[in-house]
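The residues making up each chain are set out below.
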Amino acid sequence: MFGRERLGAGDWAVMALGVLFALIGVVLTIGGGWLIAVGGSWYYLLAGLGLIGTGALLFVRRMEAFWLYLLVFVLTVIWALVEVGLNGWALVPRVFAPFVLLLLVIAAIPVLAPARNRWVTPWSGRISGKPLMLAGFGGAAVFALVAGVAVAAANRPDPAGPMPEAGFGEADPANPLQVGADWPAYGGTYGAQRYSPLTQISRDNVGDLQRVWEFNTGDIPEKFGAETTPLKVGDTLYLCSAMNQLFALDAASGLEKWSYDPGVTEDSVPYTAACRGVVYYADPDATPASATAPTAAPLRASTVPSTAAAARPCAARIIQGTLDGRLIAVDARTGAPCADFGNGGQVDIKQGMGEPIPGMVSITSPPVVIQGVIVTGHQVLDGQYRAAPSGVIQGFDVITGELRWAWDMGRPGETGLPPEGETYTEGTPNMWTIATGDEALGLVYLPMGNSAGDYYSSDRADYENEYATALVALDVNTGQPAWRFQTVYMDVWDYDLGSQATLIDFPTSGGVVPAIVLPSKQGDIYVLNRRTGQLITPVEERAVPQGGVEPDQRTATQPFSLFHSLAKPDLTERDMWGMSPIDQMICRIQYRQASYEGIYTPPTADRRWIQYPGYNGGSDWGGIAIDPYRGVIIANYNDTPNYNRLVPREEANARGWFPRGDPRSAETSPRGGNLSAEGAGDPQWGLPYAIDVNAGWRMPFTNLLCKQPPYGGIRAIDLRTGRTIWDRVFGTARKNGPFNIPSMMPINIGTPNNGGSVITASGLIFIAAATDDLIRAIDIETGETVWQDALPAGGQSNPMIYEQGGRQYLVIMTGGHHFMETPAGDQVIAYALPDRAAG
């Protein structure tokens, strides 16, 4: 009855496979029990027991191993379909790895066949090859059916809704700068619609786009992330590099005309070496009126000095803010410093701030010039000191560099430098992003950040709570607030306003209203009267979670836009993801262990809390684009959570989390000099807690995110109603994968994205931003990608459009970004149609 066999290589392989199954089963059983204990799914425990049984049967090479695992697999597929239906990405960790194990069991069948000599028992039974083949093919068919339908479902876009009727309004009626042949400001104009009236590149010929020139800035710092959008005025492009070198390029050829290096050193780099753009200003006293008046032609020129006026030094000037807190003004024609501006062409905005540690005060976004006043905010390095340098907003004379005013919310009514021996109020909210200006109204619109110490609020003054995370309109002549609109009360989630707001004339039942459109990181879009700050579109106060480490600080409600929101439904355990059932199970355990009651879950110290959306948005510094004639908003957005914990001071000190400038802050400690994510070990010195942010909520080994895809999208919105016209997953998996290994799969996974878009009158949206290193043209009516090109580095910047010599150009800076983990670069790349097509 019993016989003994000699074990061959196949037998040993199957026995090893049995050990593997058993080990996986043990992990799933232990983890599954843990998950059940914290209130989660029973599947992992049951599947683990099934794998242990399969492993034991494989080890003794019993045919029942196949049947048992086939049952486990079929039940897994049924469970997966019940949990998530045909959601393609949700099915991946539930079905793919189990299917691979099924293939391994099928491959072991010849060794399991009872006809071979081995320990054979009376109940072993016999099975013919044909039923085995049918069973194997059946399992494969089940997987193929599920996978095929799932992938199709994951990549099938929702149908686009109807477009609004054309003729919404005029493009930036409040601004003298006009976009068309030129691109004279960061957002096209100071109204920041990011819209071009050019039509040469269309849906019919965009496939013929080709690279026509490339320029290299020559600097790629360690903390790279240039984020630059060039300007174009006349026949010249103006731009800054990651380390604030200034360049003027020929608009047709990309050849350098001049450069200027202000000598910024790497110790001045805050979190990222970023220079998002520069400012072009032509002195109207040196410019004939005929040169400044906009024309009715489709290609509109901005303010350009006449040849005679341009001979005067700095009649037109380029102004930039630097990483070490200076304003630099150079001659737009030659690149020479403007001798009449400040001290030899520069102004130090840090006057009145004491002696800030290098990197604590940096200008990373272009200022705005309204009615002859340069208005600038600055980045204050997050998470270091509660007594950080002030977030004071300053206005300087654009010709002389003289301080016109300073808005220090802690010194109301005082508009000059502080008295000797004093400083501007420390730790106040700052504006690190891009302002918007209305030349006619004389107002500058500031998207404000948070107080220093983003995640703790108990020691904030009333004026900080009033202006933090608010859009503030300042009178450019006085520097005093005209109105404010706050998007978050008592913000402890780092939901500062990162997006530049956009000006538009908005039709209402009472007539056309000068409006401003404001996106937020939490996903809401608001429309306000830009004269008064009154809401045009409705907002609702909703109850939000309470508790956390400061229960008396949490407000009962927060404002939610009823016009439009990019926000997604609250996360559930079923939304957890991973490469396999094991890491998905771990993410489920983390979810169950964390504090999470939806958006605005209060910060906790005894356990992690889930922040969704995370601090990268919603919308971030890339902002939105608006087609004022079609009446369409284009908004790309992120869809990722953060996994956070407040760390008590004693524990943070034991971990070596000390602020920049502290001799105990090692270069290898989080945020003491390395490239770890913002908030990953920020000391918040001077507060009871440091902060530990797991940005994106990543698994430590695979680096995959715990939330299932998509992680980013792009959406078209009806500007009149807030209705979604279409919503598309944005970004492919080609440069993303487990263990940071690019998969090169052209599947739309929806990646995190930083950077914005530009719209043309021909109905095209141009955007890079995603982590797949592609630049795309998207049909504004359908959301379909109609052209794309692979970039040599990450495209985390806003593209721009202009015309030169009868030819339309698309230009983007590919600097990459260390936080987004895209490749570093220093290329400025121009695309155009072939000469014959352009002609």
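These numbers come from a predicted model, not from an experiment. (Residues numbered from 1 in each chain as written. Predicted model: local features only at pLDDT ≥ 70, side-chain atom pairs only at ≥ 80, totals over all residues. Heavy atoms only, no water.)

On to the packing of aromatic side chains. Overall, the coordinates contain 27 aromatic pairs when judged by the stated rule. Ring geometry for Phe215 against Phe247: centres 5.1 Å apart, planes inclined by 70 degrees, an arrangement best described as edge-to-face. Placement of the pair is Phe215 in strand E2 (residues 210-216) and Phe247 in strand E5 (residues 246-250), with a sequence separation of 32 residues. Take Phe215 and Phe247: they sit in the same class, and that class is buried. Cluster of aromatic residues (ring-pair linked, three or more members): Trp493, Tyr495, Phe560 and Tyr600. Residue placement shows Arg276 over the ring face of Trp621; its charged tip is 5.2 Å from the ring centre. (Phe/Tyr/Trp six-rings, centres within 6.5 Å; stacked < 30°, edge-to-face > 60°. Helix = DSSP H or I, 4+ residues; strand = E, 2+ residues; numbered from the N terminus. Buried < 20%, exposed > 50% of the residue type's maximum accessible area, 1.4 Å probe, protein only. Lys NZ or Arg CZ within 6 Å of the ring centre and 35° of its normal.)

Now for the state of the cysteines. What the rule picks out here adds up to 3 disulfides. What pairs with Cys314 in a disulfide is Cys338, and their sulfur atoms sit 1.9 Å apart. The disulfide joining Cys314 to Cys338 has a torsion of about -100 degrees about its S-S bond and is therefore left-handed. One end of the pair, Cys314, is in the loop between helix H8 (307-310) and strand E8 (316-321); the other, Cys338, is in the loop between strand E9 (326-331) and strand E10 (346-348), and 24 residues separate them in sequence. Its relative accessible area of 3% is what places Cys314 among the buried residues. Accessibility expressed as a relative area gives 0% for Cys338, which makes it buried. Disulfide partner of Cys587: Cys706, at an S-S distance of 1.9 Å. Here Cys587 and Cys706 share a disulfide; its torsion about the S-S bond, -75 degrees, makes the bridge left-handed. Taken as a pair, Cys587 in helix H10 (residues 581-593) and Cys706 in the loop between strand E32 (689-695) and strand E33 (712-718) lie far apart in primary sequence, 119 residues in all. (Disulfide = S-S within 2.5 Å.)

Where helix H1 (residues 9-37) contacts helix H4 (residues 88-107), the axes come no closer than 11 Å and their chain directions differ by 155 degrees. On the basis of their axis angle, the class for H1 and H4 is roughly antiparallel. The two elements H1 and H4 cross, and the hand of that crossing is left-handed. Contacts between H1 and H4 involve Leu17, Phe21 and Ile24 from the former and Leu101, Leu104 and Val105 from the latter. (Axes fitted to C-alpha atoms, helices over the stretch in contact; angles between N-to-C directions. Parallel < 35°, antiparallel > 145°, perpendicular 65-115°, else oblique. Left-handed = near helix turned anticlockwise from the far one by under 90°. Contact = heavy atoms within 4.5 Å.)

Bringing H10 into the picture now. Here H10 is 13 residues long and its end C-alpha atoms lie 18 Å apart, about the 18 Å a rise of 1.5 Å per residue gives. Restricting attention to buried positions, one finds in H10 the residues Pro581, Asp583, Gln584, Met585, Cys587, Arg588, Ile589, Gln590 and Tyr591. Tucked inside the fold, the buried residues of H10 contact H1, helix H2 (43-59), helix H3 (64-84), H4, strand E27 (609-611) and strand E30 (642-648). (Expected span 1.5 Å × (residues − 1).)

An α-helical segment advances 3.6 residues per turn. Residues three or four places apart therefore align on the same side. For H3, with 21 residues, the first-to-last C-alpha span of 30 Å sits near the 30 Å given by 1.5 Å per residue. Regarding H3, the residues found buried are Ala65, Phe66, Tyr69, Leu70, Val72, Phe73, Thr76, Val77, Trp79, Ala80, Glu83 and Val84. Immediately beyond the C-terminal end of H3, within one or two residues, lies Gly85, with a positive phi of roughly 65 degrees.

This next bit is on the sheet that holds E8. With antiparallel pairing, 4 strands are arranged side by side in an open sheet as E7-E8-E9-E10. Looking along the sheet, the strands with just one partner apiece sit at the ends: strand E7 (279-282) and E10. Put simply, the sheet's adjacent strands are angled 20 degrees from each other on average, direction ignored. Of the strand pairs in this sheet, E7 and E8 are connected by 4 bridges, and their pairing is antiparallel. Across the sheet, residue Val279 finds its bridge partner in E8, namely Ile319. (Pairing = 2+ DSSP bridges.)

What follows covers the environment of Arg333. Looking at the element boundaries, Arg333 is found in the loop between E9 and E10. Accessibility expressed as a relative area gives 49% for Arg333, which makes it partly exposed. The sequence separation of Arg333 and Ala315 amounts to 18 residues, and the corresponding C-alpha distance is 8.9 Å.

Turning our attention to empty space enclosed by the protein. Where empty space is left in the structure can be found by rolling a water-sized probe over the atoms. One pass over the structure, following the stated rule, counts 10 cavities of 30 Å³ or more. Estimated volume of the largest cavity: approximately 410 Å³. Tyr271, Arg276, Gln379, Trp432 and Glu678 are, among the 27 residues lining the largest cavity, the residues nearest its centre. Across the lining of the largest cavity, the residue classes break down as 8 nonpolar, 9 polar and 10 charged. (1 Å grid on protein atoms, 1.4 Å probe; cavity = no way out; pocket = protein on both sides within 12 Å on 5 of 7 lines; lining within 4 Å. Points joined across faces, edges and corners; volume = space filled by probe spheres on them. Nonpolar A, V, L, I, M, F, W, Y, C, P; charged D, E, K, R; others polar.)

Next up on the list: a nonpolar patch on the surface. Among the surface-exposed residues, Leu71, Val74, Leu75, Ile78 and Val82 lie close enough to one another that they form a single nonpolar patch of about 450 Å² accessible area. In this fold, Ile78 is placed in helix H3. Given the relative accessible area of 46%, Ile78 is considered partly exposed. (Patch = residues over 30% accessible without salt bridge, like charges linked within 9 Å, V, L, I, M, F, W, Y side chains within 5 Å. Areas by Shrake-Rupley, 256 points an atom, 1.4 Å probe, with all protein chains shown as cover. Salt bridge = Lys/Arg side-chain N within 4 Å of Asp/Glu carboxyl O.)

Attention now goes to the sheet that holds strand E21 (residues 502-508). Taken in spatial order, the 4 strands of this open sheet run E21-E22-E23-E26, and their pairing is antiparallel. Edge strands, defined here as strands with exactly one partner in the open sheet, are E21 and strand E26 (564-565).

Quick look at the pattern of salt bridges now. Counted under the stated rule, the structure contains 43 salt bridges. Of the charged contacts, one joins Arg645 and Glu651 as a salt bridge, the two residues approaching to 2.9 Å between their closest N and O atoms. For Arg645, a relative accessible area of 18% puts it in the buried group. Using a relative accessible area of 26% as the deciding quantity, one classes Glu651 as partly exposed. Sharing partners across several salt bridges, the network here consists of Glu83, Arg94, Glu573, Arg574, Arg588 and Arg592.

Once that is clear, we can look at the side chain of Thr537. Within the fold, Thr537 resides in the loop between strand E23 (524-529) and strand E24 (539-543). Within polar-contact distance, the side chain of Thr537 engages the backbone nitrogen of Val527 at 3.3 Å. Leaving out residues up to four positions away in the same chain, Thr537 has contacts with Phe506, Tyr526, Val527 and Phe563. (Polar contact = N/O pair within 3.5 Å; in protein donor to acceptor, adjacent residues only side chain to side chain.)

Further remarks concern the confidence of the model for the protein chain. Summing up the model confidence of the protein chain, the mean pLDDT is 90 and the portion of residues at 70 or higher is 88%. Low pLDDT (under 50) marks residues 288-309, which in the prediction has 43 contacts with non-local residues, meaning those over four places away or in another chain. A low-confidence stretch, residues 670-674 stays under pLDDT 50, and its non-local contacts, those more than four residues away or across chains, total 23 contacts. (pLDDT = per-residue confidence, 0-100.)

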